[in-house]
Amino acid sequence: YELVVFRHDESDMMSRFLVTFLITFLLSIVGIEAALAAVDPWGVRYFDDVQSIWQASAPDVTGYSFKPGRYIFGPTAFTIEADGLRAVPGRDSSGPRVAFVGDSVTFGQGVNDADTWVSLMAAALRLNAMNHGRSAYSIANVARVLDGIDGCAVFLTIANDPAPAQHYRASRPYPALWLSRYLMLILTPPAIPAYSDRYAPLYEAVAARPDTLILAFDDGEYGNIMRDEYGAVLIPPFTSRISVSDAHADAEGNRQIADAARPIIQNWLDERNC
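Residues numbered from 1 in each chain as written. Predicted model: local features only at pLDDT ≥ 70, side-chain atom pairs only at ≥ 80, totals over all residues. Heavy atoms only, no water.

## Structural notes on the environment of Pro164
Now for step 1: With respect to the element layout, Pro164 can be found in the loop between strand S7 (152-157) and helix H6 (178-187).
Now for step 2: Sequence separation between Pro164 and Asp115 is 49 residues, and the spatial gap between their C-alpha atoms is 29 Å. (Helix = DSSP H or I, 4+ residues; strand = E, 2+ residues; numbered from the N terminus.)

Given below as structure tokens:
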């Protein structure tokens, strides 16, 4: 009889322990979730920013285009004008007409319209600048964009450009839970594709295009290939980024790009009629 009671007490203790452990575990998860949502130390609001890009886009022959409007972009916002291009507040309609093409760095992901390096460049050099940058665009997309542009163009290329064409996607769901987003970053860090000769014809077509300046960051093998093979002019990489999870240039990073590119673009403009 005493042995039976002992076993009953032991089972009851184990049940209480499991219940206590489960409640503690769930409260810990809720606490971590709340803390991450409030502080967001790695800046995973980036997931929402990317989602806002796709919500503002529509299918296009180049891959996708933006719908006109003003969109909240994390703590900032971006404006898409009637022509589907990002607003360039500093542009001068009477100045040289220059199309800026590229991916999210040219678009200015994560900063306000006036803080993109394209806007800063337009204001500094009094350019009639058009920002054709689109997030996630590759060299295949950029080549298609340039097919529809007449006149002078500046292409800022970065190391993840040698990739297949990016196409419109109606939705791109991301985890709603902040903890899941952090786990995603830890378990599946972003990978940068290696340069491949399969994309050489596309780069060659861009390089052969009249009145086109190619800029690249002096950050290693990719920049050296762009300079040696396609005549790109190298500029120092920006050092000020939005967050740990979002490596795009913040407002200061965009100023760094503009400061480095300004004399290069000015000299380039002096040699042609844009």
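Having put the structure on the table, let's press on.
## Observations concerning the packing of helix H4 (residues 117-125) against helix H9 (residues 251-270)
Now for step 1: As a packed pair, H4 and H9 sit with axes 9 Å apart at the nearest point and diverge in direction by 45°. The orientation of H4 with respect to H9, classified from their angle, is oblique. The element H4 and its partner H9 pack so that their crossing is right-handed. Two secondary-structure elements touch here, H4 through Trp117, Leu120, Met121, Ala124 and Leu125 and H9 through Asn254, Arg255, Ile257, Ala258, Ala261, Arg262, Ile265, Gln266 and Leu269.
Now for step 2: Among the residues forming the contact of H4 with H9, the class breakdown is 10 nonpolar, two polar and two charged. (Axes fitted to C-alpha atoms, helices over the stretch in contact; angles between N-to-C directions. Parallel < 35°, antiparallel > 145°, perpendicular 65-115°, else oblique. Left-handed = near helix turned anticlockwise from the far one by under 90°. Contact = heavy atoms within 4.5 Å. Nonpolar A, V, L, I, M, F, W, Y, C, P; charged D, E, K, R; others polar.)

## A closer look at the state of the cysteines
Now for step 1: As enumerated under the stated definition, the model contains one disulfide in all.
Now for step 2: The residue that forms a disulfide with Cys152 is Cys274, at a sulfur-sulfur distance of 1.9 Å. One disulfide, between Cys152 and Cys274, carries an S-S torsion of -90° and so falls in the left-handed class. One end of the pair, Cys152, is in strand S7; the other, Cys274, is in the segment after H9, with 122 residues separating them in the sequence.
Now for step 3: Accessibility expressed as a relative area gives 26% for Cys274, which makes it partly exposed. (Disulfide = S-S within 2.5 Å. Buried < 20%, exposed > 50% of the residue type's maximum accessible area, 1.4 Å probe, protein only.)

## A word on the side chain of His132
Now for step 1: Mapped onto the fold, His132 is located in the loop between strand S6 (128-131) and helix H5 (139-147).
Now for step 2: The buried category is assigned to His132, whose relative accessible area is 14%.
Now for step 3: Residues within four places of His132 in sequence aside, it is in contact with Leu85, Ala99, Phe100, Val101, Gly102, Val145 and Ile149.

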